[in-house]
Amino acid sequence: LFLLGISLPLVLTSRRGTSEVEKRRLAPFPGIPHTLDELNGFPAAAEAFFSDHFGFREPLVQVYNVMSVRLGVSPTGKAVVGKDGWFFYANPKDGNVIQDYRNNDPLTQADLEQWRTGLEQKQRWLRSQGIAYLFVIAPNKHTVYGEFLPDSITKVGARSRADQLVAYLAAQSDVPVLDLRPVMLAAKGDGPPLYDKTGTHWNAWGAAIAQHAIASALAEQVPSITPVRYAAPDFREEPGAADDDLARMMSVGDAFRVPSPVLISPLPACETQPLPDKAGRSRSEQPFQTLCPTAAGVDALVFRDSFFIALQPYISTYFHRASYIWAYMPDLTTVQAYAGELRPQVVIEECAERYLRPAAALDQ
């Protein structure tokens, strides 16, 4: 029985290409060596293959990760385990969000001026074309629910990068800026959580709050836009609806799955069509547009990141045609390439708080 037990992992070795638990490609089977170099590298390649494919590896990894999280320890540097089952994004290569929360990663004067110059260039060109422009800051989950971060993560400086940029633009520029941080903080006690415990982004309820603020800001420039306000009773908690990207990063399966608010009444149906990537800067998702026959005769162009995924169904209903381009801080050339052909009446540039960093860093 002992020999059988220790042999099972070898007997049950798999040949899978990816790990469903760890969400990564596994080491390939090395094959039979045919050259001296392949022979010399065979032991290391065979060990890497077996380490990734031995029997029971997937459930053992998941059990280890779940136990680690229950003890308050994240199995990955990309996420932090907070209080009361709250998880937070922490990848230092993607905006250095933890240090920004601590106000320990400020923008320099040159960074602030670079942001001002870039935004004003886009605004001036769009204004010359008769196109309204709005720059939107989507708050990090840490900013809204910082009370659930571990006690070890404390404030160091007086201001975050968003604090710096919003104040600088207010003093030095007339670019229309919608800072959604105060909006989301004010809405915290009016219904269910605005962000899912296991996800990075706001949920459907949080997006409903954000879209009303965006539509209200746009209506000041385009009066034909009528903001729609939703209330907490318009949503119901639905199991399995949560954005659990942080749970997936930590490879814990469904062990921490939580319900999430879902809009009860469906939004007006819109047709979706693909768009070509004109500037080669779109990331993660092919550009696309929505056509909503019931909307007013206004077209919009939206430059966005992942925070707009939950926003898009709401925002699309305000526009006859809305085009969505996944691009971080698009430059003037990118804006001109899309706006010049699509001829929208409105351009929205949404940027997650964690991406308010030097423009050069956004391309790394």
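In case you missed it, the structure is sitting above this.
Quick summary incoming for the structure in this document. (Residues numbered from 1 in each chain as written. Predicted model: local features only at pLDDT ≥ 70, side-chain atom pairs only at ≥ 80, totals over all residues. Heavy atoms only, no water.)

1. Details of the overall build of the chain
For the chain, the count of helices and strands is 12 helices and 13 strands. If one aligns the C-alpha atoms of the chain with their principal axes, the spans along those axes are about 75 × 50 × 45 Å. Scored against the burial criterion, the 364 residues of the chain give a buried share of 49%. When contacts within the chain are restricted to residue pairs at least 6 apart in sequence, those whose partners lie at least 24 apart make up 73%. (Helix = DSSP H or I, 4+ residues; strand = E, 2+ residues; numbered from the N terminus. Buried < 20%, exposed > 50% of the residue type's maximum accessible area, 1.4 Å probe, protein only. Contact = heavy atoms within 4.5 Å.)

2. Regarding the packing of helix 5 (residues 109-128) against helix 12 (residues 332-342)
At their nearest, the axes of helix 5 and helix 12 sit 10 Å apart, and the two run at 25° to each other. One way to sum up the angle between helix 5 and helix 12 is to call them roughly parallel. The chirality of how helix 5 crosses helix 12 is right-handed. Residues Q121, K122, W125 and L126 of helix 5 form the contact with helix 12, whose participating residues are L332, V335, Q336, A339 and G340. Looking at side-chain class alone, the contact of helix 5 with helix 12 contains five nonpolar, three polar and one charged residues. (Axes fitted to C-alpha atoms, helices over the stretch in contact; angles between N-to-C directions. Parallel < 35°, antiparallel > 145°, perpendicular 65-115°, else oblique. Left-handed = near helix turned anticlockwise from the far one by under 90°. Nonpolar A, V, L, I, M, F, W, Y, C, P; charged D, E, K, R; others polar.)

3. A few points about the packing of helix 5 against helix 7 (residues 161-172)
Packing of helix 5 against helix 7 brings their axes to within 10 Å, and their N-to-C directions diverge by 60°. Judged by the angle between their axes, helix 5 and helix 7 are oblique. Crossing geometry of helix 5 relative to helix 7 is assigned as right-handed. In this structure, helix 5 contributes Q109, L112, E113, W115, R116, L119 and E120 to the contact, and helix 7 contributes Q164, L165, Y168, L169 and Q172.

4. Quick notes on the packing of aromatic side chains
Within the structure shown, the criterion is met by 16 aromatic pairs. With centroids separated by 5.1 Å and ring planes inclined at 25°, the aromatic side chains of F288 and Y324 adopt a geometry described as stacked. With F288 in strand 10 (residues 288-291) and Y324 in strand 12 (residues 321-326), the pair connects residues that are 36 residues apart, well separated along the chain. A connected cluster of aromatic rings, assembled from ring pairs, spans W86, F88, Y145, F148, Y195, W202 and F307. Its guanidinium or amino end placed over the ring of Y101, K155 lies 3.9 Å from that ring's centre, counting from NZ or CZ. (Phe/Tyr/Trp six-rings, centres within 6.5 Å; stacked < 30°, edge-to-face > 60°. Lys NZ or Arg CZ within 6 Å of the ring centre and 35° of its normal.)

5. Remarks on the side chain of N140
As for its placement among the helices and strands, N140 is situated in the loop between strand 5 (132-138) and helix 6 (141-144). Given a relative accessible area of 3%, N140 falls into the buried group. Sequence-distant contacts of N140, defined by excluding residues within four places in its chain, comprise V97, D100, Y195, E353 and R354.

6. A short note on the nonpolar core
Counting residues in each nonpolar core, the largest one holds 85 residues, and the members touching the most others are F135, L194, W202, I214, F319 and V346. For this core, the element with the most residues is helix 9 (residues 204-219), which contributes 10 residues. The next biggest cluster of nonpolar side chains, apart from the first, holds 11 residues, and it includes V69, Y89, L246 and M250. (Core = buried A, V, L, I, M, F, W, Y, C linked by side-chain atoms within 4.5 Å.)

7. So, unusual backbone geometry
The backbone of D84 shows a phi angle near 55°, a positive value even though the residue is not glycine. At M329, a residue that is not glycine, the phi angle is positive and equals roughly 45°. Tracing the backbone through its elements, the reader meets M329 in the loop between strand 12 and helix 12. A residue is classified by how much of its surface remains accessible, and M329, at 12% relative accessible area, is buried.

8. Things to note about the environment of D111
Looking at where D111 falls in the secondary structure, it is placed in helix 5. Judged by its relative accessible area of 12%, D111 falls in the buried class. D111 sits 54 residues away from L165 along the chain, and the two C-alpha atoms are 9.2 Å apart. In terms of polar contacts, D111 uses its side chain to reach the backbone amide nitrogen of T108, at 3.0 Å. (Polar contact = N/O pair within 3.5 Å; in protein donor to acceptor, adjacent residues only side chain to side chain.)

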